[in-house]
2 protein chains.
Amino acid sequence: MRLEEAMIEAPSYVHGYDRRETQRLADQAGTLVDLLHHDTSYPPGTTVLEAGCGVGAQTVALALRSPGARFVSMAISAESIAQARQRVDLAGATNVEFCRADIFSLPFAPGSFDHVFVCFVLEHLAAPVEALAGLRSLLRVGGTMTVIEGDHGSAYFHPDDRAAKEAVRCLIELQRRSGGDALIGRRVFPLMVEAGLHAVRVDPRMVYVDSSRPELVEGFTKRTFTAMIEGIGSAAISSGLTDADSFDAGLRGLYRTTEVDGVFCYTFFKGVGEMASDS
Amino acid sequence: MRLEEAMIEAPSYVHGYDRRETQRLADQAGTLVDLLHHDTSYPPGTTVLEAGCGVGAQTVALALRSPGARFVSMAISAESIAQARQRVDLAGATNVEFCRADIFSLPFAPGSFDHVFVCFVLEHLAAPVEALAGLRSLLRVGGTMTVIEGDHGSAYFHPDDRAAKEAVRCLIELQRRSGGDALIGRRVFPLMVEAGLHAVRVDPRMVYVDSSRPELVEGFTKRTFTAMIEGIGSAAISSGLTDADSFDAGLRGLYRTTEVDGVFCYTFFKGVGEMASDS
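If you're wondering where the values come from, they're calculated on a predicted model, not measured in any experiment.

A.B. asks: Any chance you could break down the packing of helix H6 (residues 162-177) of chain A against helix H10 (residues 244-256) of chain A for me, citing the residues and the numbers?
C.D. replies: Residue and element names in this part refer to chain A. Relative to each other, H6 and H10 sit at 110°, their axes nearing to 7 Å. Relative to H10, the element H6 is oriented roughly perpendicular. Between H6 and H10, the residues in contact are Ala-163, Ala-164 and Ala-167 and Ser-246, Phe-247, Ala-249, Gly-250, Gly-253 and Leu-254, respectively. Considering only residue class, the contact of H6 with H10 consists of six nonpolar, three polar and no charged.

A.B. asks: Outline the pattern of salt bridges, supporting the account with residue identities and numerical values.
C.D. replies: Residues and elements named next belong to chain A. Under the defined criterion, the tally for this structure stands at 32 salt bridges over all chains. Among the salt bridges present, the one from Glu-97 reaches Arg-70, with a minimum N-O distance of 2.5 Å. Here Arg-70 lies in strand S2 (residues 70-75) and Glu-97 lies in strand S3 (residues 96-100), a separation of 27 residues in the sequence. We classify Glu-97 as partly exposed; its relative accessible area is 40%. Several salt bridges converge on common partners, so that one network encompasses Asp-39, Asp-203, Arg-205 and Lys-270.

A.B. asks: Explain the interface of chain A and chain B to me, using residue names and the numbers behind them.
C.D. replies: The partner chain B presents 29 residues to the 29 residues of chain A that form the contact. For the pairing of chain A and chain B, the buried interface totals around 2300 Å² over both sides, and the portion due to carbon and sulfur atoms is 63%. Three residues, Tyr-156, Arg-186 and Phe-189 of chain A, lead the burial of chain A against chain B; their summed loss comes to 28% of the area buried on that side. Run the count over chain A and chain B and you get two salt bridges.

A.B. asks: Help me get a handle on the relation of the copies chain A and chain B, residues and values and all.
C.D. replies: With an RMSD of 0.0 Å, chain A superimposes on chain B once it is rotated by 180° and translated 0.0 Å along the axis. Such a combination of rotation and displacement between the chain copies is what one expects of a two-fold axis.

A.B. asks: How would you summarise the pairing of strand S3 (residues 96-100) of chain B if you had to cite specific residues and measurements?
C.D. replies: If a strand is regular, its side chains alternate between the two faces of the sheet. All names here are of chain B. Judged from the five bridges that link them, strand S2 (residues 70-75) and S3 form a sheet pairing that is parallel. Bridge assignment links Val-72 to a residue of S3, and that residue is Glu-97. As for the winding sense of the linkage, the β-α-β connection from S2 through helix H4 (residues 78-91) to S3 is right-handed.

A.B. asks: Break down the sheet that holds strand S7 (residues 263-274) of chain B for me, citing the residues and quoting the values.
C.D. replies: Residue and element names in this part refer to chain B. Pairing in this open sheet of seven strands is mixed, and the strands run S3-S2-S1-S4-S5-S7-S6 from one edge to the other. Each of the sheet's edge strands pairs with one partner strand only, and the pair in question is S3 and strand S6 (198-210). In this sheet, neighbouring strand axes are inclined to one another by 20° on average, regardless of whether the strands run parallel or antiparallel. With six bridges joining them, strand S4 (residues 113-119) and strand S5 (residues 139-158) adopt parallel strand pairing. Counted as the bridge partner of Cys-119 is Ile-148 from S5. Along the sheet, H4 contacts S2 and S3; its crossing angle with S3, the most-contacted strand, is approximately 175°.

A.B. asks: Talk me through the packing of aromatic side chains; I want residue IDs and the actual numbers.
C.D. replies: Under the counting rule described, the total for this entry stands at 24 aromatic pairs over all chains. Ring centres of Phe-120 of chain A and Phe-268 of chain A lie 5.7 Å apart, and the angle between their planes is 45°; this geometry places the pair in the tilted category. Of this pair, Phe-120 of chain A sits in the loop between strand S4 (113-119) and helix H5 (128-136) while Phe-268 of chain A sits in strand S7 (residues 263-274); the two residues are 148 residues apart in sequence, bridging distant segments of the chain. Here Phe-225 of chain B and Tyr-266 of chain B contribute two aromatic rings whose centre-to-centre distance is 5.7 Å and whose plane-to-plane angle is 55°, an arrangement assigned as tilted. In this pair, Phe-225 of chain B is assigned in helix H8 (residues 214-231) and Tyr-266 of chain B in strand S7, connecting sequence segments 41 residues apart.

A.B. asks: Explain the sheet that holds S3 of chain A to me, using residue names and the numbers behind them.
C.D. replies: Residues and elements named next belong to chain A. Spatially, S3-S2-S1-S4-S5-S7-S6 is the arrangement adopted by the seven strands of the open sheet, whose pairing is mixed. Strands with a single pairing partner mark the edges of an open sheet, and in this sheet they are S3 and strand S6 (198-210). Each adjacent strand pair in this sheet contributes to an overall mean axis angle of 20°, direction not counted. Strands in contact with helix H8 (residues 214-231) are strand S5 (139-158), S6 and S7; relative to S6, the strand with the most contacts, it is inclined by about 110°.

Thresholds applied
- Residues numbered from 1 in each chain as written.
- Chains lettered and ligands numbered in written order.
- Predicted model: local features only at pLDDT ≥ 70, side-chain atom pairs only at ≥ 80, totals over all residues.
- Heavy atoms only, no water.
- Axes fitted to C-alpha atoms, helices over the stretch in contact; angles between N-to-C directions.
- Helix = DSSP H or I, 4+ residues; strand = E, 2+ residues; numbered from the N terminus.
- Parallel < 35°, antiparallel > 145°, perpendicular 65-115°, else oblique.
- Contact = heavy atoms within 4.5 Å.
- Nonpolar A, V, L, I, M, F, W, Y, C, P; charged D, E, K, R; others polar.
- Salt bridge = Lys/Arg side-chain N within 4 Å of Asp/Glu carboxyl O.
- Buried < 20%, exposed > 50% of the residue type's maximum accessible area, 1.4 Å probe, protein only.
- Buried area = accessible area lost by both parts, 1.4 Å probe.
- Least-squares fit on C-alpha atoms with pLDDT ≥ 70 in both.
- Pairing = 2+ DSSP bridges.
- Right-handed = clockwise from strand over helix to strand, strands pointing away.
- Phe/Tyr/Trp six-rings, centres within 6.5 Å; stacked < 30°, edge-to-face > 60°.

Shown next, in the form of structure tokens:
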């Protein structure tokens, strides 16, 4: 299989490009931005490649946190880039340029970047190691790569609910059928090591939600996770993975976890590795 | 059901009292002591009830961290108390007294304690809220209760492995049949709230293990979690939940996660709540 074929760009049923989905991504980014990015900042004068910026959900947070760094944010979809540019302009960030490119066919010379940043991209790729290895080659010696991915198998909740777990399983299975891996968060460490990064350190970022944290009940459990599951309903039913009644029961089970005695857990994984002289 | 009947004290197949099991608990306590207890210390002059101290795995850490506090550590088993006392003496802690008692029939007056500490106890109880409510009544107004529990449903790993998940499921099912709940960690918040604690705040403590953290590969994945699963093999097979070949395959799957590209995740939940004047 050629690398270009291996790339599965954000399948429409998982991360679509409609307005509702874009809003969900923005909500997700707003709620999670501190959890995921509070410890990512790049020194003035450095050049950072954001590989797979999508609609710019993370780009704004990155650019505002490192005003002296220069970002090159790359996506395969011109429409996504247009939205990302708009978000960046609205936020008043002036240190981002955009580039339309395929992550498996990168239009940059080796050693072009001080840092590479990859967030919510590998989950969609059938060849994540190849993608990381290609990105690694763009780093100067001593540069770093940061990788952030979720893991839908890390979701568990109270009340525990079979139908809700089945609905989550539908998303995992759809992603698998499209060539991706919804359980990729737990694989960030071995993927980065296999791609040739050195001194890889992975730090999980767990989102814990109970009713004492209403902003997460709303912003994460309802508007991020459950909205994402809701968004794959038609695809899951039409592909025969479930039926409408079962899927609705699953959604009710997920919403049930947002009540006063409910609990919801999910974990993102953030890895940082280095480009070594001998790698 | 009378409360005394509801109490399931550390079933032998889960937390047995043999030497190997005692060593496992000690290993677990050593590896996890900072993660779980680094932010628990009690002021000089306060009196703390440790409810369900078992063989004293947490008692030493508690007592040494708060040398000016006085601990009353309680267990239902005289044999456990003898071991706990020995551990405390060996560690040189002089601020612990032991008391043999049933958590559902507590020999203390209301308001006797400044703080109550409960760790790895509720998972074995069929009536955890009643246990917590009884302990709450022993607190003076303004006192705190700390609850720590694991959650075996929070375990996931790479490589993902069906047989390994089945082996974990056997433990969850055995604990359920004995009246306990191996998924209780995610319930710490609602249980404490239902028991009448105020201002409950739960903070998850995730154990993330990959080969860059060899002390956790050894101390947690192998010697704590997988050892625990291994310890229920006979019971799981004799109860018809699995067969020897399937269970062995599950153990191999768990050990596989300790190789250089493996990852293992598990989460403990730590809750702190207050005894309010109107509660």
